[in-house]
Amino acid sequence: MQISAVNFVLGAVSIKQVPNDGIPQIAFLGRSNAGKSSLLNAIFKKEIVKISKQPGKTREINFFLVNSPDNSYYFVDLPGVGYAKVSKSMRDEMANRIKNYVEKAHDLKGIVYLLDIRHGGHQIDFETITGIKSAGIPVLLVASKADKLNQSEFIAAKKRLKENFCLPEEPLAVSSKTKKGLPELWKEIDALLNGAENA
Ligand SMILES: Nc1nc2c(ncn2[C@@H]2O[C@H](COP(=O)(O)OP(=O)(O)OP(=O)(O)O)[C@@H](O)[C@H]2O)c(=O)[nH]1
Ligand SMILES: [Mg+2]
């Protein structure tokens with residue numbers, strides 16, 4: 001997909017602020033520090049999304065309006081799930097914000113769920129993915145930070161994720177640093193936008 005323009009539209013803190021204008025939305029979710037914001041910058045080919053070495057950086061539901069020559073979409077950067085180093089009330093508030101969004105956003109077509117390729121999946125990942133699926137939203141599981149592993153570790157990690165998450169095939173692995181897997185990710189996002197079921 002060709003992008004002609006990307007603009008930050010708003011950071012929503014409640015479902016009332018979520019755009020409800022019929023433009024399809026694709027959201028990016030995963031544990032804090034999984035690389036959601038970096039991946040969006042890599043897709044957009046510009047540093048429009050704030051990232052930081054400090055996990056828990058993204059707190060709002062951030063909407064980016066993406067224009068391609070034929071269409072418009074929102075790409076949505078969600079707060080990280082399960083970040084331990086914020087207060088329990090803040091963690092609960094963010095979990096509720098995500099849950100409300102996933103359950104109530106009319107135009108949400110699918111969620112790209114990022115997992116750091118070096119981790120096999122945590123309890124919070126399994127729980128969150130189950131929650132999204134029970135809300136009827138398709139989930140595309142994607143392994144992030146592929147550049148962090150050597151070839152044999154990479155092969156083993158993808159196999160492990162397939163087994164742990166009972167996937168029909170090995171997950172797509174991407175790197176925001178080297179741009180590995182980004183063309184394939186576009187194809188998968190296109191399928192979500194066109195209503196294909198995943199994972
Ligand atoms: N080597 C490498 N580092 C990455 C990659 N993607 C992200 N990072 C680094 O991982 C850290 C976290 O990245 P973010 O994109 O902020 O992660 P996030 O999932 O948005 O984090 P929260 O906003 O806290 O939920 C940053 O230091 C990034 O530079 C990648 O593909 N390769
Ligand atoms: Mg972020």
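Given the structure is predicted, the values throughout are model-derived calculations rather than measurements.

### Focus: helix H1 (residues 36–44)
Within H1, 8 of the 9 residues are buried, which leaves it mostly tucked inside the rest of the structure. Taken residue by residue, H1 has Lys36, Ser37, Leu39, Leu40, Asn41, Ala42, Ile43 and Phe44 as its buried positions. Those residues of H1 that are buried are in contact with strand E1 (5–12), strand E2 (25–30), strand E3 (61–67), strand E4 (72–77), strand E5 (108–116) and helix H5 (182–193). Lys45 sits one or two positions beyond H1 and adopts a positive phi of about 60 degrees.

### As for the nonpolar core
Counting residues in each nonpolar core, the largest one holds 33 residues, and the members touching the most others are Leu29, Phe63, Val76, Tyr101, Ile111, Tyr113 and Ile132. For this core, the secondary-structure elements that each account for two or more residues are E2, E3, E4, helix H2 (88–104), E5, helix H3 (123–134), strand E6 (139–144) and helix H4 (151–164). With 4 residues, E5 is the single largest residue contributor to this core. By size, the runner-up hydrophobic cluster in this structure holds 26 residues, among which are Ile26, Ile43, Val174 and Leu185.

### Topic: the confidence of the model for the chain
Per-chain confidence: the chain averages 91 in pLDDT, with 94% of residues scoring 70 or above. Summarising per-element confidence for the chain, the mean pLDDT is lowest in H2 (85) and highest in strand E7 (residues 172–173) (98).

### Concerning the environment of Glu60
One can find Glu60 in the loop between H1 and E3. C-alpha of Glu60 to C-alpha of Thr130: the two residues are 70 residues apart in sequence and 22 Å apart in space. Excluding residues within four positions of it along the chain, Glu60 makes contact with Gly11, Ala12, Val13, Asp77, Leu78, Pro79 and Arg97.

### Things to note about the packing of aromatic side chains
Under the definition given, this model contains 8 aromatic pairs. Each member of the aromatic cluster is reached from another via a ring pair, and the members are Phe8, Phe28, Phe44, Phe64, Phe75 and Trp186.

### Describing the side chain of Asp77
Here Asp77 shows up in strand E4. Nearest to the buried, unbridged Asp77 among oppositely charged side chains is Lys36, at 5.9 Å. Within polar-contact distance, the side chain of Asp77 engages the side chain of Ser37 at 2.7 Å. Setting aside anything within four residues of it in sequence, one finds Asp77 in contact with Phe28, Lys36, Ser37, Leu40, Val49, Thr58, Glu60, Ile61, Asn62 and Phe64.

### Some points on unusual backbone geometry
One non-glycine residue, Lys145, lies in positive phi territory at about 60 degrees. Non-glycine residue Lys179 carries a positive phi angle of around 75 degrees. For Lys179, the position within the fold is in the loop between E7 and H5.

About the criteria used
Residues numbered from 1 in each chain as written. Chains lettered and ligands numbered in written order. Predicted model: local features only at pLDDT ≥ 70, side-chain atom pairs only at ≥ 80, totals over all residues. Heavy atoms only, no water. Buried < 20%, exposed > 50% of the residue type's maximum accessible area, 1.4 Å probe, protein only. Helix = DSSP H or I, 4+ residues; strand = E, 2+ residues; numbered from the N terminus. Contact = heavy atoms within 4.5 Å. Core = buried A, V, L, I, M, F, W, Y, C linked by side-chain atoms within 4.5 Å. pLDDT = per-residue confidence, 0-100. Phe/Tyr/Trp six-rings, centres within 6.5 Å; stacked < 30°, edge-to-face > 60°. Lys, Arg positive; Asp, Glu negative; His and termini not counted. Salt bridge = Lys/Arg side-chain N within 4 Å of Asp/Glu carboxyl O. Polar contact = N/O pair within 3.5 Å; in protein donor to acceptor, adjacent residues only side chain to side chain.

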